[in-house]
Amino acid sequence: MAGQVRPITLVGTPVLHRACRPVQEFDAALAELADDMFASMYAAEGVGLAANQIGVDLRIFVYDCPDEDGERHSGTVVNPVLELPALADRRLDDGEEGCLSVPGPHARVARPDRAAVRGFDVKGDPVTVEGTGLLARCLQHETDHLEGKVYIDRLSARARKKVLKEYEELRAARAE
Ligand code: NI
């Protein structure tokens, strides 16, 4: 693996809670960042990772995630734009979701069961990724990250509090 594993930023870190800057240079540094993101995602056993989850304020995410048929898809999307089915065609999947930046708990989040993102690869060539199942969830979750939104921001106040309590308790237990 080419990349370096970098520490994952945790909920509460400012870079996770504001929109990231668009990528403007498709250079060697960007390719290196993507390598580090893949290495960090695999080390943490995640299915997706946004740049601000390793502290970098840029609009890029990586993914390696199965779709509804269990087929694995992986890649990098720079400056992603999310596309969801029209409201009339939209079906919600209320499956469980978690996040490497909120390690431990999971919660149900209703999201459209299919999604696409349009963007660029690390060389600047256009890419479109279409996803179903967990991949659809992943594409939405990672695009949210780049907007400064963590999945718990989509929960009811009560569910959010429960997730954060579980996270804090696990964190305290690990620190003992
Ligand atoms: Ni996440």
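Cut-offs and rules
Residues numbered from 1 in each chain as written. Predicted model: local features only at pLDDT ≥ 70, side-chain atom pairs only at ≥ 80, totals over all residues. Heavy atoms only, no water. 1 Å grid on protein atoms, 1.4 Å probe; cavity = no way out; pocket = protein on both sides within 12 Å on 5 of 7 lines; lining within 4 Å. Points joined across faces, edges and corners; volume = space filled by probe spheres on them. Helix = DSSP H or I, 4+ residues; strand = E, 2+ residues; numbered from the N terminus. Nonpolar A, V, L, I, M, F, W, Y, C, P; charged D, E, K, R; others polar. Buried < 20%, exposed > 50% of the residue type's maximum accessible area, 1.4 Å probe, protein only. Pairing = 2+ DSSP bridges. Core = buried A, V, L, I, M, F, W, Y, C linked by side-chain atoms within 4.5 Å. Contact = heavy atoms within 4.5 Å. Axes fitted to C-alpha atoms, helices over the stretch in contact; angles between N-to-C directions.

Got a sec to walk through the layout of surface pockets? Specific residues and values, please.
As a volume, the largest pocket reaches approximately 330 Å³. Lining the largest pocket are 21 residues, and of these Val 47, Gly 98, Cys 99, Leu 100 and His 141 lie nearest its centre. Of all elements in the fold, only β5 (96-97) and α2 (133-146) reach the threshold of two or more residues within the lining of the largest pocket. No other element matches the 6 residues that α2 contributes to the lining of the largest pocket. Considering only residue class, the lining of the largest pocket consists of 8 nonpolar, 8 polar and 5 charged.

Lay out the pairing of strand β2 (residues 60-66) with the relevant residues and their values.
Across the 7 residues that make up β2, a large majority, 6, are buried. Bridge count for strand β1 (residues 48-50) against β2 is 3 bridges, and the pairing is antiparallel. Note that in β2 the partner of Gly 48 across the bridge is Tyr 63. Relative to strand β3 (residues 72-83), β2 is paired through 7 bridges, and the arrangement is antiparallel. Bridged to Cys 65 within β3 is His 73.

A description of the nonpolar core should follow, citing residues and the corresponding values.
Ranked by internal contacts, the top residues of the largest apolar core, which has 15 residues, are Leu 33, Met 37 and Ile 60. When contributions to this core are tallied by element, the ones reaching two or more residues are α1 (28-43) and β2. Residue contributions to this core peak at 6 residues, all from α1. In contact with Ile 60, other than residues within four places in its own chain, are Leu 30, Leu 33, Ala 34, Met 37, Leu 49, Ala 50, Ala 51, Thr 76, Val 77, Val 78, Val 122 and Leu 146.

I'd like a description of the sheet that holds β1, backed by residues and values.
Spatial ordering of the open sheet is given by β1-β2-β3-β8-β9, a layout of 5 strands whose pairing is antiparallel. Lying at the two open borders of the sheet, with one neighbouring strand each, are β1 and β9 (126-132). For this sheet, the mean angle separating the axes of adjacent strands, direction not counted, is 35°. Sheet strands in contact with α1 are β1, β2 and β3, and its direction is about 40° off that of β2. Strands β1, β2, β3, β8 (114-120) and β9 of the sheet are contacted by α2, whose axis makes an angle of about 165° with β2.

So, to be careful, I would describe these as geometric facts and stop short of saying anything about function.
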